[in-house]
Amino acid sequence: MILTGPEIIEASADGRIRISPFNPDQVNPNSYNVCLGDTLLTYSSEIIDPYEPNPTDSITMDESGYVLRPEQLYLGHTVEQVGTDRYVPLLFGRSSVGRRGLFVEITAPIGDIGFHGQWTLMLSPVRPLRVYPGMRIGQIMFFVSVGEIDLYAGKYQASQGPQESRYWRDRGHRVPGDTRVPAL
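What you see is a predicted model; the values in this text were computed from it and never measured. The numbering scheme is per chain: residues are counted from 1 as the chain's sequence reads. Given that this is a predicted model, residues contribute local features only at a pLDDT of at least 70 and side-chain atom pairs are listed and counted only at 80 or more, while totals for whole chains, interfaces and linings are drawn from all residues. No hydrogens and no water enter the side-chain calculation; it runs on all heavy atoms of the structure.

A look at the pairing of strand β11 (residues 136-144)
Inference 1: Sheet analysis places strand β2 (residues 32-35) next to β11, joined by 4 bridges and oriented antiparallel. The partner of C35 across the bridge, within β11, is R136.
Inference 2: Across 7 bridges, the pairing between strand β7 (residues 87-93) and β11 is antiparallel. Its bridge partner lying in β11, P89 is registered against F142. Criterion used throughout: strands pair if DSSP finds at least two bridges between them. Helical segments are the DSSP runs of H or I of at least four residues, strand segments are the runs of E of at least two, and each set is numbered from the N terminus.

Spelled out as structure tokens, the structure:
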């Protein structure tokens, strides 16, 4: 089951969902619109290695926005801190943004029950596209969970701003034959 807009408002009021700042104008019939924060990250290495920390470059946008370029991955973040200890949140790009040629969260839309923080957005444009801080870029839906809940306590908890991949911290995700030991 998915929460409706009125239920999202009620769940935000009674603490089942935490959205800060909360704006009732951003509530849809079955989702909540989230806005793009002012910081973007890009990976600065030609090759990204999942077993190593990868350097990034930070871009701070002002009110004039920033032009995203194709063939580049941008990590953005939501203005809002969103989290819930009860529901399964899923974040998707808004259709109005997709119709402009910007893919948002196409490979990792699911959030964990218990995560609280700003969401990192994976932004991939198909052609040059200007984005602005504060623009409504995505929407989060909340689904009812069934079964015992094990709250998220992972490496991205309480995120502020965009977060680069920390895959290299994971143990047990090595390719057969790879002798490198992931750093902790």
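Points about unusual backbone geometry
Inference 1: For the bond from S20 to P21, the omega torsion is -5 degrees, close enough to zero to count as cis.
Inference 2: Along the polypeptide, P21 turns up in the loop between β1 (17-20) and β2.
Inference 3: Even without being glycine, E71 reaches a positive phi, approximately 65 degrees.
Inference 4: Along the chain, E71 falls in the loop between β5 (66-68) and β6 (74-84).

Things to note about the nonpolar core
Inference 1: If you look at the biggest cluster of nonpolar residues, it comprises 30 residues, and the most contacted ones within it are L102, V104, L123, I137 and F142.
Inference 2: Note on definitions: a residue-residue contact is assigned when non-hydrogen atoms from the two residues lie within 4.5 Å. In contact with V104, not counting residues within four places along its chain, are L91, G93, V97, L121, M122, L123 and I137. For the purposes of this section, nonpolar cores are sets of buried Ala, Val, Leu, Ile, Met, Phe, Trp, Tyr and Cys residues that join through side-chain atoms within 4.5 Å. Summary of the burial criterion: residues with accessible area below 20% of their type's maximum are buried, those above 50% are exposed, and those between are partly exposed, where the area comes from a 1.4 Å probe applied to protein chains only.

Structural notes on the sheet that holds β2
Either a parallel or an antiparallel arrangement is found when strands of a sheet pair, and the pairing is made through backbone hydrogen bonds.
Inference 1: Strand order across the open sheet formed by 3 strands is β2-β11-β7, with antiparallel pairing between neighbours. For this open sheet the edge positions go to β2 and β7, each flanked by a neighbour on one side alone. Each strand of the sheet is rotated relative to its neighbour by a mean of 35 degrees, with strand direction disregarded. The axes used here are C-alpha line fits, helices contributing only the stretch in contact, and every angle between their N-to-C directions lies in the interval 0 to 180 degrees.

Notes on the packing of aromatic side chains
Inference 1: Any two of the Phe, Tyr and Trp rings considered here, Trp counted by its six-membered ring, make a pair once their centres fall within 6.5 Å; the pair's planes then place it as stacked at under 30 degrees, edge-to-face at over 60, or tilted in between. Using the criterion set out here, one finds 5 aromatic pairs in the structure.
Inference 2: With centroids separated by 6.0 Å and ring planes inclined at 65 degrees, the aromatic side chains of F115 and Y152 adopt a geometry described as edge-to-face. A residue pair is termed long-range when its members are at least 10 positions apart, and F115 in the loop between β8 (102-104) and β9 (116-125) and Y152 in the segment after β11 qualify at 37 residues. Taken individually, F115 and Y152 each receive the classification buried, so the pair is uniform in this respect.
Inference 3: An aromatic cluster of three or more residues is present, and its members are F115, W119 and Y152.

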